[in-house]
Amino acid sequence: MYRTALRNVLAHKGRLLMTALAIMLGTAFVAGTMVFTDTFSKAWRSQGAVSYDDVTVAVTDEDAAPKHHNQGGRAGTGQPLTEETRKAVASLPGVAEVRGVVSGFAGIADKKGALIGDGFSTTGTNYVPGADGTDPRYPLVQGRGPTDATEIALDTKTAEKGGYKIGDTIRVAVNGPVMELKLTGILYTKDPRVEVGGSLAAFDTATAQRLYLSPGRFADLDVTATPGTDQTILLAAVQQVAPHGDNITAKTGRDLAAEQEKKIDDGSSTMSNVLLAFAGISLFVSIFIIANTFTMLVAQRTRELALLRATGASRKQITLSVLVEASLVGLIGSLGGLTVGIGIGAGMQSLLNALGEANLPNGPLVIAPSTVIVSLLVGVVVTVLAALLPSLRASRIPPVAAMSSADQPATKKSLLARNIIGLLFTTLGAGGLMAGVANRSMELAGLGSAVLTVGAIVLTPLLSRPVIALVAPVLRKLFGTPAKLARENAARNPRRTAATASALTIGVTLITALTVVGASLNKIIDDSSGSGIKADYTVAMSNSSALAPEAVSLMAEVPGVTALSAERMVPLECINTEGISLVTGVNPAGFDRLVDLKVTAGSADALRQGKLIAGASYAKLHGLTVGSTLDVIYLDGARGTLTVGAVAEESMAISGLIAPDQLVGPHAVPGSGVEKVLVKGTAGATPELRQALRDATGGNPLISVKNQREVKAESQQMIATVLNIMYGLLAMSVLVAILGVINTLAMSVFERKREIGMLRAIGLDRLGVRRMIQLESLLIALIGVVIGVLLGIITASAVVQTQKTLTVVVPPVQIGFCLVAAVVIGLLAAAWPARQAARTAILGAIKSE
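Since the model is a prediction, treat every value here as computed from it, not as a measurement.

Considering the sheet that holds strand β13 (residues 220-225)
Strand pairs in the sheet, formed through backbone hydrogen bonds, run parallel or antiparallel to each other.
Thinking step 1. With antiparallel pairing, four strands are arranged side by side in an open sheet as β3-β13-β1-β14. Since the sheet does not close on itself, it has two edges, and those belong to β3 (95-101) and β14 (248-252), each with one partner. Across this sheet, the average inter-strand angle for adjacent strands is 15 degrees, counted without regard to direction.
Thinking step 2. Bridging between strand β1 (residues 57-61) and β13 involves four bridges; their strand directions are antiparallel. Within β13, the residue paired with V57 across the bridge is V223.
Thinking step 3. Along the sheet, helix α7 (residues 231-241) contacts β1, β3, β13 and β14; its crossing angle with β14, the most-contacted strand, is approximately 165 degrees.
Thinking step 4. Those strands touched by helix α8 (residues 253-300) are β1 and β14, and its axis lies near 95 degrees from that of β14.

Next up, the structure:
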């Protein structure tokens, strides 16, 4: 029987080709994902390990770590790390050196004023020269290190990108006006941020402290021990002399490296899980193709299998022979998928870097044993499971069937049972959707969507009838007899048609659902971005860090600016009302000209009166009304009482608590900046005003000046990018489904060889045969796409309705594109089978059995 199985695979290799290709695509996705993430993870770990090569113990001031939008402040109120601290640690036994570290963001402009590198990886640090004037952490390639506030050193890659050489003037920006510094040195660094496309600017220590912290303060102390010193013992000694406070942490270099490695592994695992989920979708789709293929093979080999039963083969042997065939096909497809997947993993990193989507660290290709085992195992197991039901059907073929080779269609009873099961799943899924919407539960709606999709797939033979009934008359009017024959062929075996269409349904359902969710998100962005804002421009840091108050003062002096307000987040603790921990400080003099203030209670002049404005929803949540008082403690320890003077409708400009900046600003975290600046000009949002605002800070490459349309477009672009990535990942499942259509049609053409010969004999020409196959393919594609589009709209609408802020939007253009795509898919999938059918020899086909 095993030899028989092998012979059958070789005899039907043409008909099994598409099945093997489907498995290959799915396993290639799995293998490529595992190779890429393993390579990515190892490269990052190798790069990250370099950061702690010379660190035995590290003491960190958490308040001094770079923050985005003043999350807890840039320079906190805890005990700082100072030069005295550094000297105290340096005096401990077993300490060879203690390096005081200061770091933050530093944007380097090229000679055209554009930012070099990614704004989130533009790093500034301090250069710490030893007795010989060089810094061992940053070896010099050319020149010397910076020694005062007028000098700077750059890493080799940044200098090369900017075309800079020793002695050039470099335009550098942190979070305020641009500085023009002399390039005194070009240095080498293994900093991972630089390796992946960032930049490194080195200042002398005093300048770095002034720019990022305060004079004499460090963000970290990196301790290097003498040989033979135990890290744990040294850590305990360091903890004794380091400041004690919630903001100070001390860890060994070994622990820091382990923590970093865990973060990298967690990040890689998350990415891998997402990609493997999409690979799982492709493999799930391939199950339909495999099951359909083996079902058709079993039907076509009815006489052969019956003869085996008649000559003594047991049912178990028949079942095993079919499963062995499936295993061989799965193994061949998996081996091909593994090979292709290794190539995908190797090329993905280079492709992303070439497209500018990511700068990934370089490293050797990692092909772990688990990748090989999982890829082969997944491919074989999926194939065997998909072929299980057809193999059981094969074992039930009676020996007497050897007298006939007729295909035995599914009985009405089997379709009735299938329809009952499908209706049960559909009812449960619909109930889950409605319950999810009623309870605003996305999880329940998601579960209902999954169950409803299963129900629709099971019901596809039933659901296909109205689609065929709707489309077939139109096709018959256009194409005549070939259309009639195509309709009859598609309806002849509804289970086969349904299995082929269902593979396409899955991918289209997910794509449509993503499209509806994306359109709904864009709708809320359209409605909210710029909502309530009358300002012409919004000025902020492109890397989401805080903007220096000095920059705000310079922009206020720009000619043509009629109103300007900086937004500053001020953390606090409210004693008499729980849940309030933040207030936004604004300029009361021009705020009402920059935002559309719709007061529902209290006075519109509340800010000018030194009182708060509360967003309506926020006020309701915390029980605030006009006249409510808040007893607060600021981070600097000061106490105060704030009074609510107005309640206003919430918008992008009005949310939470708004306060006069002169009231809360003095209590902001020392060294903190502002989140953004709203600006209104005399002549509106003119290019001249935009340029003037940029020039006010010396053309700081990290500062963005955007009008409201650009702010909206930026948010929409983020959604579009995510959707495009997901569309690309789902395209694999659609491709697998297309292979399924090709496979079904090709095997159907072989199965109906005599029928096609008879049609040719009674007058149907080659064009008619070709058109018949094309229209049959079109009907199958339309069934899959129409059901998928409807499912996608229903499930996505339910999920969207679980969110109070979202409105369901069904984009007609994108939905129309899906229907057009169905026509294209149908015609493309039919190209090869239609050609084969049209070339059928009349006499040879009629004589065939």
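Let's talk about the pairing of strand β22 (residues 657-660)
One face of the sheet, then the other: side chains in a regular strand alternate in exactly this way.
Thinking step 1. Where strand β17 (residues 582-586) meets β22, three bridges bridge the pair, whose relative direction is parallel. When the bridges of β22 are listed, T584 appears paired with I658.
Thinking step 2. Here strand β19 (residues 612-615) runs beside β22; their pairing, made up of two bridges, is antiparallel. Directly across from I613, in β22, lies its bridge partner I658.

A closer look at unusual backbone geometry
Thinking step 1. Positive phi values are uncommon outside glycine, yet R440 reaches one of about 55 degrees.
Thinking step 2. Checked against the element boundaries, R440 lands in the loop between α12 (412-439) and α13 (442-458).

Points about the packing of aromatic side chains
Thinking step 1. All told, the structure shown has two aromatic pairs when counted by the stated rule.
Thinking step 2. On the numbers, 6.4 Å between centres and 65 degrees between planes, the contact of F203 with Y212 is edge-to-face.
Thinking step 3. Here F284 and F288 contribute two aromatic rings whose centre-to-centre distance is 5.5 Å and whose plane-to-plane angle is 85 degrees, an arrangement assigned as edge-to-face. Of this pair, F284 and F288 both sit in helix α8, four residues apart, roughly one helical turn.
Thinking step 4. On the basis of relative accessibility, which here comes to 15%, the residue F288 falls in the buried class.

As for the side chain of S334
Thinking step 1. Mapped onto the elements, S334 comes out in helix α10 (residues 315-355).
Thinking step 2. Given a relative accessible area of 0%, S334 falls into the buried group.
Thinking step 3. Leaving out residues up to four positions away in the same chain, S334 has contacts with I23, T27, S375, L376, G379 and V380.

A look at the packing of helix α14 (residues 460-479) against helix α24 (residues 766-801)
Thinking step 1. One can describe the packing of α14 onto α24 by two numbers: an axis separation of 9 Å at closest approach and a directional angle of 135 degrees. Here α14 lies oblique to α24, going by the angle between them. Once α14 is placed against α24, the crossing between them reads as right-handed. For the pair α14 and α24, the contacting residues are T460, L463, S464, V467, I468, V471, L475 and F479 in the first and R771, L775, L778, L779, L782, I783, V786 and I787 in the second.
Thinking step 2. Along the lines of polarity and charge, the residues of the contact of α14 with α24 split into 13 nonpolar, two polar and one charged.

Brief notes about the side chain of S391
Thinking step 1. Structurally, S391 is set in helix α11 (residues 369-395).
Thinking step 2. Residue classification places S391 among the buried positions, given a relative accessible area of 0%.

A few points about the environment of R99
Thinking step 1. Structurally, R99 can be placed in strand β3.
Thinking step 2. It is 7.6 Å that separates the C-alpha atoms of R99 and R86, two residues lying 13 residues apart in sequence.
Thinking step 3. The contact partners of R99, leaving out residues within four places of it in the chain, are N126, V128, D135, R137, Y138, D220, L221 and D222.
Thinking step 4. A distance of 3.4 Å separates the side chain of R99 from the backbone oxygen of N126, its partner in a polar contact.

A look at the packing of helix α22 (residues 708-751) against helix α25 (residues 812-838)
Thinking step 1. The geometry of α22 relative to α25 is characterised by a closest axis approach of 9 Å and an angle of 25 degrees between their N-to-C directions. Here α22 lies roughly parallel to α25, going by the angle between them. Regarding α22 and α25, the two cross each other, and that crossing is right-handed. Contacts from V734, I738, V741, I742, L745, A746 and V749 of α22 reach α25 at I825, A829, A830, W832, P833 and A837.

Quick notes on the pairing of strand β11 (residues 199-204)
Thinking step 1. Across the six residues of β11, six count as buried, placing the element largely inside the fold.
Thinking step 2. Bridge count between strand β6 (residues 122-127) and β11: six bridges; the pairing is parallel. In the strand pairing of β11, G124 is matched with A201.
Thinking step 3. Where strand β8 (residues 151-155) meets β11, two bridges bridge the pair, whose relative direction is antiparallel. Looking across to β11, one finds that A153 is bridged to A202.

Calculation rules
Residues numbered from 1 in each chain as written. Predicted model: local features only at pLDDT ≥ 70, side-chain atom pairs only at ≥ 80, totals over all residues. Heavy atoms only, no water. Pairing = 2+ DSSP bridges. Helix = DSSP H or I, 4+ residues; strand = E, 2+ residues; numbered from the N terminus. Axes fitted to C-alpha atoms, helices over the stretch in contact; angles between N-to-C directions. Contact = heavy atoms within 4.5 Å. Phe/Tyr/Trp six-rings, centres within 6.5 Å; stacked < 30°, edge-to-face > 60°. Buried < 20%, exposed > 50% of the residue type's maximum accessible area, 1.4 Å probe, protein only. Parallel < 35°, antiparallel > 145°, perpendicular 65-115°, else oblique. Left-handed = near helix turned anticlockwise from the far one by under 90°. Nonpolar A, V, L, I, M, F, W, Y, C, P; charged D, E, K, R; others polar. Polar contact = N/O pair within 3.5 Å; in protein donor to acceptor, adjacent residues only side chain to side chain.

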